[in-house]
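Reading the structure
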Amino acid sequence: MLAGGYKSVLEARTREEFRQEVVRFTQSLGFETFSAMTVIDRGIGDSEFITVDNTPMNFADALNDPIFARRDPVMQHCRVQSVPIVWDQRTYVGQGAAELWEQQASFGYVTGIAMA
């Protein structure tokens, strides 16, 4: 147990415990929303996405859309880099994906930290 009675994310035994710990951690950093995703590539065009998040319901379909993920510069960074990325509107505009940032910004995703 960590100070304040919190468990660490690594101590979570269920998906819901994991989600609760990530919510706590996310909020301690000053963020309201998060998405933790595991991608299992099984071959060309055959990937499985497993997510734990607190994404607003209206944005969940876009977040889980493989076409969105293929164009998302943050997702692509995480596919090939092991270093974290701090992202904002400039990240998307610089990669020609301003409309993706606009779409997610309307749900509160305007800046963040991502890592693989």
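Since this is a predicted model, take the numbers as computed values, not measurements. (Residues numbered from 1 in each chain as written. Predicted model: local features only at pLDDT ≥ 70, side-chain atom pairs only at ≥ 80, totals over all residues. Heavy atoms only, no water.)

1. Some remarks on a nonpolar patch on the surface
Together, F25, L29, V86 and I113 give the surface a local cluster of nonpolar side chains, amounting to about 420 Å² of exposed area. Structurally, the position occupied by I113 is in strand β4 (residues 112–114). (Patch = residues over 30% accessible without salt bridge, like charges linked within 9 Å, V, L, I, M, F, W, Y side chains within 5 Å. Areas by Shrake-Rupley, 256 points an atom, 1.4 Å probe, with all protein chains shown as cover. Salt bridge = Lys/Arg side-chain N within 4 Å of Asp/Glu carboxyl O. Helix = DSSP H or I, 4+ residues; strand = E, 2+ residues; numbered from the N terminus.)

2. Remarks on the pairing of strand β2 (residues 46–53)
As defined by bridge partners, strand β1 (residues 35–43) adjoins β2 across eight bridges and the pair is classed as antiparallel. Counterpart to D41 in the pairing with β2 is S47. Linking β1 to β2, which pair antiparallel, is a turn of two residues; within it G45 sits at a positive phi near 75°. (Pairing = 2+ DSSP bridges.)

3. Describing the packing of aromatic side chains
Under the defined criterion, the tally for this structure stands at four aromatic pairs. Taken together, the aromatic side chains of F59, F68, F107 and Y109 make up a single cluster linked through ring pairs. (Phe/Tyr/Trp six-rings, centres within 6.5 Å; stacked < 30°, edge-to-face > 60°.)

4. Section: the environment of I40
As for its position among the elements, I40 is in strand β1. The class for I40 is partly exposed, based on a relative accessible area of 31%. Between the alpha carbons of I40 and I50 there is a distance of 8.3 Å; along the sequence they are 10 residues apart. Leaving out residues up to four positions away in the same chain, I40 has contacts with D46, S47, E48 and I50. (Buried < 20%, exposed > 50% of the residue type's maximum accessible area, 1.4 Å probe, protein only. Contact = heavy atoms within 4.5 Å.)

5. Examining the nonpolar core
Judged by nonpolar contacts, the single largest core of 15 residues is most densely connected at F59, V74, W87, Y92 and A114. Broken down by secondary-structure element, the contributors of at least two residues to this core are α2 (57–63), α4 (73–80), β3 (85–87) and α6 (98–105). With residues near it in sequence (within four places) discarded, F59 still touches F68, Q103, Q104, F107 and Y109. (Core = buried A, V, L, I, M, F, W, Y, C linked by side-chain atoms within 4.5 Å.)

6. Details of the environment of V39
Note on placement: V39 falls in strand β1. Sequence spacing of V39 and T51 is 12 residues, and the spatial spacing of their C-alpha atoms is 8.7 Å. Discounting residues that sit within four places of it in the chain, V39 has contacts with S47, E48 and F49.

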